[in-house]
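In case you want the letters, here they are:
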Amino acid sequence: MTLAPSLTGTVNPASARLENVCKFYGEFQALKDISLVIPPGKVTCLIGPSGSGKSTLLRCINFLEEYDRGGIWIDDRLIGYETVGGRRMGGRALREMRRDIGMVFQQFNLWPHMTALQNVAEGLERVKGIPRARAHEIASEALAKVGLGDKTGNHPSRLSGGQQQRVAIARAVAMQPRIMLFDEPTSALDPELVGEVLGVMKQLAAEGMTMVVVTHEMGFAAHVADRVVFMERGELVAQGSPAEIFQNPGDRRLAAFLQGYLERNSLEL
Amino acid sequence: MFSFQTIIDNLPVLAASARYTLLISGAGCFLGLIFGALICVAAVSRASAARAFAGVYVSFFRGVPLLIQLLLAFYLLPLVGVNVPALAAAIFTVGLCAAAYISEILRGALNAIPRGQAEAAMAVGLAPRDIWTRILLPQALKISMPALVNELILLVKASSLVTVVGIVEITRMSQAIASATYRPLEIYLTAAFLYLAINLVIAALGRNLERRLAW
Ligand SMILES: Nc1ncnc2c1ncn2[C@@H]1O[C@H](COP(=O)(O)OP(=O)(O)OP(=O)(O)O)[C@@H](O)[C@H]1O
Ligand SMILES: [Mg+2]
């Protein structure tokens, strides 16, 4: 796979700031007072056991999930509410903020009735109002940059998992977001297809995109992340550089999680 | 004695009356799709007033016989000052009635679409209207294609009810010819054959469309 020099053109990466974010599902508290700074142009990985609230937290950042307390700011703009604890933000304002936030899902969530090209062009046309011909040009460049220049006419059902996820990344990147959210982007992939997706993500990281990545790929977290955040039972338990988290896990729960990960992965061999 | 000649003689007139059958069921189904999609969107909306409206709508049009609905439209519309031809009123009523069933068909299909489809659209920043018209409804239509074809076939048969407002489609025409010729068996057999032919064609077109929608 050959990648074109730049996936994004010039990025003007955004930062994000979370303060005392709480999220309830009925009685159950999925997020407990999460405060976190996502630095601009850096890769922040969220790790933790299943059910610890990683996806919930990630989805609160673009308000796909409504948080109940606290605040989340993209650069200096609060998302989802007009003021902290105030009224819900209007649909138009929310959509405008979401233009800056790209998202990639575990299950790809490509639209099955559209070709790869149409999947990427849809947002360019409908959200950015770019005329169809130009939108298709941009979309086909975006697909070429993730190594899918020859697959633009394929429907998702005619693409491998790795190819589908690269289309999904192209769909997000083509909108020129300033921050990208990834929810376990390689978890649904056969092992031999993981590399091609991680490759595209590494390139995005190298280009200075702000990235928040929920991942079980500890190798990716260790080698690509600038910051690693460990969550358990809805709490932010530890955060630090990959070296601090992986080589020197001070926290008992973090150490236990990493130990478990090592054991599972050596057993799988 | 069975008379083939009767069939041959009357086939053209009967077949000509089929245009009303086709028009009422076809246009009714088309209107039903549009109204049905709107009712379906209302039924799953966040706004409780919209959901309530959809609920009442579906209950009424599913719960009252089409025959009564047609008579109501026929006698009610002039009372409130709406003077439309019987044919237009009939098509409209059939469309409203079909919409109740079609909205339920589409609602079922929507449930089969993974949540992530709309989420991906929201994440890209698509507006609700685009999410419906570009992402959800096209997929719902595909999923419900067999049920929609079924609905159209039911409408072709139900269109015989519009005779109560004086429209002469296949059934009404065959009654008239049967009593004029004293050949009910031949005439009704011809009518049966016409309905069967129409519905076989619809079923075939439906299967063809389903195949082409396989993506
Ligand atoms: N829609 C929902 N309704 C009720 N509970 C939910 C809902 N979504 C998530 N939860 C609960 O919230 C908790 C956090 O879920 P979340 O999906 O964020 O976990 P996760 O860390 O992403 O796990 P995984 O690694 O398995 O993806 C879980 O206990 C889950 O059962
Ligand atoms: Mg998750």
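Residues numbered from 1 in each chain as written. Chains lettered and ligands numbered in written order. Predicted model: local features only at pLDDT ≥ 70, side-chain atom pairs only at ≥ 80, totals over all residues. Heavy atoms only, no water.

## Looking at the overall build of chain B
Part 1 of the reasoning: Helix and strand content of chain B: nine helices and zero strands.
Part 2 of the reasoning: Going from N to C terminus, chain B has its helices and strands arranged as α-α-α-α-α-α-α-α-α.
Part 3 of the reasoning: Considered along the principal axes of its C-alpha atoms, chain B spans approximately 70 × 45 × 25 Å.
Part 4 of the reasoning: Relative to its full complement of 215 residues, chain B shows a buried share of 43%.
Part 5 of the reasoning: When contacts within chain B are restricted to residue pairs at least 6 apart in sequence, those whose partners lie at least 24 apart make up 79%.
Part 6 of the reasoning: A total accessible area of about 11000 Å² is found for chain B, and carbon and sulfur atoms account for 70% of it.
Part 7 of the reasoning: Looking at charge distribution, chain B has the averaged site of its 15 positive side-chain charges lying 6 Å from that of its 8 negative ones. (Helix = DSSP H or I, 4+ residues; strand = E, 2+ residues; numbered from the N terminus. Buried < 20%, exposed > 50% of the residue type's maximum accessible area, 1.4 Å probe, protein only. Contact = heavy atoms within 4.5 Å. Areas by Shrake-Rupley, 256 points an atom, 1.4 Å probe, with all protein chains shown as cover. Lys, Arg positive; Asp, Glu negative; His and termini not counted. Charge placed at Lys NZ, Arg CZ, Asp CG, Glu CD.)

## Describing the domain arrangement of chain A
Residue and element names in this part refer to chain A.
Part 1 of the reasoning: In terms of domains, chain A is made up of domain 1 (39–88 + 178–268) and domain 2 (111–177).
Part 2 of the reasoning: Between the C-alpha centres of domain 1 and domain 2 the distance comes to 25 Å.
Part 3 of the reasoning: Across the boundary between the two partners, domain 1 contributes 13 residues, which contact twelve residues of domain 2.
Part 4 of the reasoning: Summed over both partners, the interface of domain 1 with domain 2 buries about 930 Å², with 74% contributed by carbon and sulfur atoms.
Part 5 of the reasoning: It is M180, E196 and V200 that lose the most area in domain 1 upon contact with domain 2, and together they represent 40% of the buried surface on that side.
Part 6 of the reasoning: Summed over the shared surface of domain 1 and domain 2, the number is one salt bridge.
Part 7 of the reasoning: One salt bridge connects R166 with E196, and the closest N-O pair in it is separated by 2.7 Å.
Part 8 of the reasoning: The tally of links between domain 1 and domain 2 comes to three residue pairs in polar contact (both at pLDDT 80 or more). (Domains from an automatic or database assignment. Buried area = accessible area lost by both parts, 1.4 Å probe. Salt bridge = Lys/Arg side-chain N within 4 Å of Asp/Glu carboxyl O. Polar contact = N/O pair within 3.5 Å; in protein donor to acceptor, adjacent residues only side chain to side chain.)

## Topic: the UniProt feature "transmembrane region" (unreviewed entry) in chain B
Residues and elements named next belong to chain B.
Part 1 of the reasoning: Per the UniProt record, the feature "transmembrane region" (unreviewed entry) sits at residues 20–44, 56–76, 82–102, 147–167 and 187–206.
Part 2 of the reasoning: Along residues 82–102, the helical share is 81% and the strand share 0%, with 26 Å between the first and last C-alpha atoms.
Part 3 of the reasoning: In residues 147–167, the share of helix is 57% and the share of strand is 0%. The end C-alpha atoms are 28 Å apart. (UniProt positions renumbered as here; feature names shortened; annotations may be inferred.)

## Re the packing of helix α1 (residues 4–43) of chain B against helix α7 (residues 145–158) of chain B
Residue and element names in this part refer to chain B.
Part 1 of the reasoning: Here α1 crosses α7 at 140 degrees, and the two axes come no closer than 9 Å. Overall, the two elements α1 and α7 adopt an arrangement that is oblique. Along this stretch, α1 crosses α7, giving a crossing that reads as right-handed. Each of T21, S25, G28, C29 and L33 in α1 lies in contact with α7, whose residues at this interface are L148, L152, L155 and V156. (Axes fitted to C-alpha atoms, helices over the stretch in contact; angles between N-to-C directions. Parallel < 35°, antiparallel > 145°, perpendicular 65-115°, else oblique. Left-handed = near helix turned anticlockwise from the far one by under 90°.)

## Let's talk about the pattern of salt bridges
Residues and elements named next belong to chain A.
Part 1 of the reasoning: Applying the stated criterion across every chain yields a total of 20 salt bridges over all chains.
Part 2 of the reasoning: Measuring nitrogen to oxygen at the nearest pair gives 3.0 Å for the salt bridge that ties R59 to E65. Comparing R59 with E65, the two get one shared label, buried.
Part 3 of the reasoning: Close ionic contact of E96 with R77 constitutes a salt bridge, the shortest N to O distance being 3.8 Å. One end of the pair, E96, is in helix α2 (residues 91–98); the other, R77, is in strand β5 (residues 77–78), and 19 residues separate them in sequence.

## As for the sheet that holds strand β1 (residues 16–25) of chain A
All names here are of chain A.
Part 1 of the reasoning: The strand order across the open sheet formed by four strands is β2-β1-β4-β5, and the pairing between neighbours is antiparallel. Every interior strand has two partners, whereas the edge strands, β2 (28–38) and β5, have only one.
Part 2 of the reasoning: When β1 meets β2, the two strands line up antiparallel, connected through seven bridges. Opposite R17, over in β2, you have V37 as the bridge partner. (Pairing = 2+ DSSP bridges.)

## Quick look at the interface of chain A and chain B
Part 1 of the reasoning: Counting residues at the interface gives 24 residues for chain A, matched by 19 residues for chain B.
Part 2 of the reasoning: Between chain A and chain B, roughly 2000 Å² of surface is buried when both sides are summed, and carbon and sulfur atoms account for 58% of that area.
Part 3 of the reasoning: Seen at the junction of chain A and chain B, the total is four salt bridges.
Part 4 of the reasoning: For the salt bridge of R126 of chain A with D130 of chain B, the shortest nitrogen-to-oxygen distance reads 3.9 Å.

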